[in-house]
Amino acid sequence: MLTFVLMMCLNSCIVGLHGQLDQSQFEDDIFDLTDFELDIAPRRVPRQVKAILTKETKPHIQELSIKTTIVSRYAFTAVSCIMLNRHSAAAEGVFHFQIPAAAYISNFTMIIGGRVYQSEVKPKEKKVKQDKGGNGKPKNKESSDTSTEPEVEVFRMSASIPGRNRALFLLTYEELLQRRLGRYEHVTSLRPMQLVSRLSLDVVFIDHLPLTLLQVMPLRNGKGSKGGTSAVSKTVKTPEPPVTTVIKRTAMFSKVTFSPNIVQQAKITTSGILGDYVIHYDVEREMGIGDIQVLNGHFVHYFAPKDLPVVPKNVVFVIDTSYSMMGTKIRQTKDALFTILKDLRPGDNFNFISFSSRIKVWQPNRLVPVTPLNIRDAKKFIYMLVPTGATNIDGAIQTGSQLLSDYLEGPDSNPNTVSLVIFLTDGRPTVGERQSKAILGNTRSAVQDKFCIFTIGIGNDVDYRLLERMSLENCGMMRRIREDADASAMLKGFYDEIGTPLLSDIRIDYTQDQVQYVTQHLFTNYFNGSEIVVAGKLTNQSAESLHVQVTATNNDKHILLETDVPLRRRQAETERHVKAASAAAVAASAPRPPPPGSRPAAPGTPGTEAAAAAVAEDFAERVWGFLSVKEGLRSRLRSQTSGEREGHIRQATNLSVTYHFLTPLTSLVVERPQVLADGTMAPAPTEAPPGTDGKAASAANELPDDADEEDTQAHKLQGRGSSSSDVAKTGKAERRPVKKSITVSKTSADGDPHFIVEFPLSKLTVCFNINGEPGHVLRLVSDHKHSGVTVNGKLIGAPAPPGSHKQQRTYFSTITIVVDKPKRAYIEVTPKKVILDGLDRMVLPCDSTVTVESGSLSVAIVAKSNVTVTIAGVISFVILVHQYKNPAPYQRDHLGFYISKSKGLSNSCHGLLGQFLYEEVGLAQIPGSSSAQGDPSPVKPTPVLKLKDRSVPVVKKTRRIYSGTQSVDCWFAKNNAAKLIDGQYEDYVMSHMFDTGDWPHHGTNRA
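Calculation notes
- Residues numbered from 1 in each chain as written.
- Predicted model: local features only at pLDDT ≥ 70, side-chain atom pairs only at ≥ 80, totals over all residues.
- Heavy atoms only, no water.
- Pairing = 2+ DSSP bridges.
- Helix = DSSP H or I, 4+ residues; strand = E, 2+ residues; numbered from the N terminus.
- Core = buried A, V, L, I, M, F, W, Y, C linked by side-chain atoms within 4.5 Å.
- Buried < 20%, exposed > 50% of the residue type's maximum accessible area, 1.4 Å probe, protein only.
- Contact = heavy atoms within 4.5 Å.
- Polar contact = N/O pair within 3.5 Å; in protein donor to acceptor, adjacent residues only side chain to side chain.
- Salt bridge = Lys/Arg side-chain N within 4 Å of Asp/Glu carboxyl O.
- Phe/Tyr/Trp six-rings, centres within 6.5 Å; stacked < 30°, edge-to-face > 60°.
- Lys NZ or Arg CZ within 6 Å of the ring centre and 35° of its normal.
- Expected span 1.5 Å × (residues − 1).
- Axes fitted to C-alpha atoms, helices over the stretch in contact; angles between N-to-C directions.
- Parallel < 35°, antiparallel > 145°, perpendicular 65-115°, else oblique.
- Nonpolar A, V, L, I, M, F, W, Y, C, P; charged D, E, K, R; others polar.
- Disulfide = S-S within 2.5 Å.

## What to know about the sheet that holds strand β15 (residues 275-283)
Next, step 1: What the four strands build is an open sheet, ordered β9-β10-β15-β12; its pairing is antiparallel. Every other strand in the sheet has two partners, leaving β9 (179-180) and β12 (211-216) as the edge strands with one partner each.
Next, step 2: Relative to strand β10 (residues 183-190), β9 runs antiparallel, the two sharing two bridges. Across the sheet, Arg179 pairs through a bridge with Tyr184, a residue of β10.

Structure below.
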């Protein structure tokens, strides 16, 4: 859906970017500011800025536009960058952008020379060396254990831009904002590495809960700033936002804009490294169970209680004092520890351990309570720390773990406390045990799930993978601190996050038979100012309510919170605020008037707000996908066996591909343009894709002659492209190469939708249309009581093409096949993915060719063509996948449903198609009557179908099936199939996609 919207949006950009620029703009000996299309009058540009622009040899960034829409704490960001090559020779344009470490890239597109280069997310191949040129993969933060940019990923893409031409780069990424210290922090990197003609940042906040805080901080200048936000707050009581910042707050949404012109940018810095644009905000908290939002079959639960008593803690600080900590690191560490000592509360117990080649414990064999005397002695111990020797990580962890474990088993221990180890190092293990696997095993044995370990790494020479696994395996978390950052402020900030525990042993449960695939719902601790987020899928969307129960421990009390969430009302509320998000996103994209005397802005990238609106309409599912991928990656790191690890990798990879997320398990592949020696674009390749005869490719996206019939690209019911040759087993599920040919009957529902029913015994074919409403779920096959099979299809709307007699079109956007025998399972098919939930849950992309078997179910996908579902070998359905590369406004990616084998369906089968499988039909001619009295001219008889005890008037018609590759003559029943189908249209509208209710009228017809 996201890629489809983006491609629609970008089509309008191609005309503006296609072709060569005016020759008069590119005189080599004449420098003209009009080439740069500044948003300020040329006479107001200082000489220094003109000199910088004059010396530029690489392509100039004419426009950098960053638009973020945050819907209920889920942020979608679209970055568009237009580069101008002013010279006659081709030049390499380098687009690079820093994104937050917790975010996932979801799309990258280039438009160069009027051609669109769309990225594709694919599973990462194992042990394959990347060539020097690369294949469009960005630098991933987890590709190395010693990333020099721990808080960000740097996406980098280079491409040749033809002479006298422009290039457009579009990058989108998504993230679920984390709440820390009572607020959310949204960070946008502004580092274009040059002065930009037109720079703009728009951030729109949509939340049904009122915002209680919205604060824009001064620019945080990355490596050039030592203190970051914390340092700023020490010297500036009320931080001043960057120049040109505008904050707008309404009842429906809030919006922050930042748009410095090129002169204002130069006053900040002439290097183009403006820094991080930081926004802090928070929302009003609901008391009790928290905030639960419901949308399109998914729910998101935000839980952040407040005003609870603080739980006492037992904490052991394990501090690296090896020689590499000499200088600034040890000084800043001591400063942070002195401050932390002041924040320890009465009731807390603590101790310190320093380690290098030797390990020193401040108070051997015990933890001490917080008293003025103990605090004074601890400060003396910290003050006397002197860096020396090597790094014995394993020995330090073992000592700290044993110290805390012995205390917890002793008589002085309070069971109603939170226990943790805070471990800090700036290096790798150099003495003692040095193998990461052994260190992790020793740590697990020492901890035994009795307490949590929180790890902190300082600098670039740290084994961050070791620290991350150590914390994940022991219910903690890891924090990275840059070599040149203010370690004192960041250490104190990290302690502030975990220093105030409010709850422990949190468990969140939902009505068991109403939800599935719930993300992490068991949590060891909840700290003040943070937030717990749980997402899941609803199995019964027609249910009136969802029971939610939260249990936890606070100090010496057991807490129980429970409520019934009204699903329908909550769905309506969520839909309302999502619509507000869409409207706000459109409003945020409105162009600003140019300053007096300046040149009007060139056309940019219209429609990025539409992409944001598309994500907003599906945000609950994307939050679930985002959290599920994160959970899979964490589980991969915690895995103890290779089989367990492979299972988590497979699940996380499938979800990453499904949601088009670039993760450590996937690669972003994009074709790059070829530029000839004379600076012009190389001709586009003309060969047909593998597996086609060229006709299918040329017919793609062209309307057939009859606009009322199929209007999709030509599909052949043969495999297009190579099939998978690998065999991978998941439990009892098996992937194997798909069979190339399939058998399909004429009985189908495809297109607008057009229904065709074949009666083999009567040697007749009947067709009819169903004019449904977008969003309706139609029952196609119903045999729940006998074979256990039910097929439902969901309609999506589209405007009618020009000249059509219809006001709108409807297509099937989703087909769900529910199987209840021998065990419940389902297959959900969309134009982008197939979800098989049987013995195992698998998410398969429709652009891959593969066969999967799970119990009695078999799913065979022919890439970008069709999906065959076989049940127990006696029932087969074929679902055609209709996709568009460049869709018209009235075209939608959709599905066609064909019954291939019905032997296993019973005689009692029903549904719009199923009711005809075992019926016989006859054709009769009813004599006509004269239109005028005494008119002797013969009157043609009227054909009617004899079905059951009904007579249905019909007319002869020709329909095209199999994506227009075949024609079939049929007898057409008008008036929405009145009298042909049992009952009326409303009888076939289901409450949700998994509804398996029986046909209520037992074969009667009320028409």
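More follows now that the structure is in view.
## With respect to the nonpolar core
Within soluble globular proteins, side chains that are nonpolar tend to cluster in buried spots.
Next, step 1: Phe768, Ile817, Phe897 and Leu980 are the most contacted members of the largest nonpolar core, which has 58 residues in total.
Next, step 2: With sequence-adjacent residues up to four places away left out, Ile817 is seen in contact with Val789, Thr790, Val791, Ala825, Tyr826, Ile827, Val869, Ile871, Phe877 and Ile879.
Next, step 3: If you look at the next biggest cluster of nonpolar residues, it comprises 49 residues, including Ile112, Tyr117, Phe155 and Leu214.

## Focus: the environment of Thr430
Next, step 1: Following the sequence through the fold, Thr430 ends up in the loop between β22 (418-425) and α8 (436-447).
Next, step 2: Using a relative accessible area of 38% as the deciding quantity, one classes Thr430 as partly exposed.
Next, step 3: A polar contact is formed between the side chain of Thr430 and the backbone nitrogen of Thr391, at a distance of 2.8 Å.

## Focus on the pattern of salt bridges
Next, step 1: A complete count under the given rule lists 35 salt bridges for this structure.
Next, step 2: Residues Glu531 and Arg73 are paired through a salt bridge, measuring 3.8 Å at the closest nitrogen-oxygen approach. Of this pair, Glu531 sits in the loop between β27 (522-527) and β28 (532-538) while Arg73 is found in the loop between β1 (60-71) and β2 (74-85), placing the two residues 458 residues apart along the sequence.
Next, step 3: Judged by relative accessible area, Glu531 falls into the buried class, the value being 14%.
Next, step 4: A network of salt bridges, in which partner residues are shared, links Arg73, Arg179, Asp207, Asp282, Arg285, Asp291 and Glu531.

## Re the packing of aromatic side chains
Next, step 1: One pass over the structure, following the stated rule, counts 30 aromatic pairs.
Next, step 2: A ring pair is formed by Phe317 and Tyr495, whose centres lie 6.3 Å apart and whose planes are at 40°; its orientation type is tilted. With Phe317 in strand β18 (residues 313-320) and Tyr495 in helix α10 (residues 487-498), this residue pair connects regions lying 178 residues apart in the sequence. Tyr495 shares its class with Phe317; the two are buried.
Next, step 3: These aromatic residues form a ring-pair network of at least three members: Tyr74, Tyr104, Trp624, Phe626, Tyr659 and Phe661.
Next, step 4: Above the face of the Tyr302 ring, Arg73 is positioned so that its terminal group lies 4.0 Å from the ring centre.
Next, step 5: Its guanidinium or amino end placed over the ring of Phe972, Lys957 lies 4.5 Å from that ring's centre, counting from NZ or CZ.

## As for helix α5 (residues 328-343)
Next, step 1: The end-to-end C-alpha distance of α5 is 23 Å, a good match for the 22 Å that 16 residues give at a rise of 1.5 Å each.
Next, step 2: Of all the residues in α5, the buried ones are Lys329, Ile330, Gln332, Thr333, Lys334, Ala336, Leu337, Ile340 and Leu341.
Next, step 3: Its buried side turned inward, α5 meets β18, β19 (349-355), α6 (372-383), β22, β23 (452-458) and α10.

## Digging into the packing of α5 against α6
Next, step 1: For the pair α5 and α6, interaxial distance at closest approach is 10 Å and the crossing angle is 175°. The angle between α5 and α6 falls in the class roughly antiparallel. Mapping the contact onto sequence places Lys334, Leu337, Phe338, Leu341 and Lys342 in α5 and Ile375, Ala378, Lys379, Ile382 and Tyr383 in α6.
Next, step 2: Of the residues belonging to the contact of α5 with α6, the class tally is seven nonpolar, no polar and three charged.

## Some points on the pairing of strand β41 (residues 833-837)
Next, step 1: Most of β41 is tucked away, with five of its five residues classed as buried.
Next, step 2: Across the two faces of β41 the burial is the same, with Lys833, Ile835 and Asp837 and Val834 and Leu836 all buried.
Next, step 3: Sheet topology places strand β40 (residues 825-829) next to β41; four bridges connect them, and they run antiparallel. Across the sheet, the residue bridging to Glu828 is Ile835, located in β41.
Next, step 4: Between the end of β40 and the start of β41, which pair antiparallel, lie three residues.

## Observations regarding the state of the cysteines
Next, step 1: In total, this model carries two disulfides according to the counting rule given.
Next, step 2: Between the sulfur atoms of Cys452 and its disulfide mate Cys475 the distance is 1.9 Å. Taking the sign of the torsion about the S-S bond as the criterion, the disulfide between Cys452 and Cys475, at about -105°, is left-handed. One end of the pair, Cys452, is in strand β23; the other, Cys475, is in the loop between α9 (464-472) and β24 (478-481), with 23 residues separating them in the sequence.
Next, step 3: Among the residues examined, Cys475 registers a relative accessible area of 31% and is labelled partly exposed.

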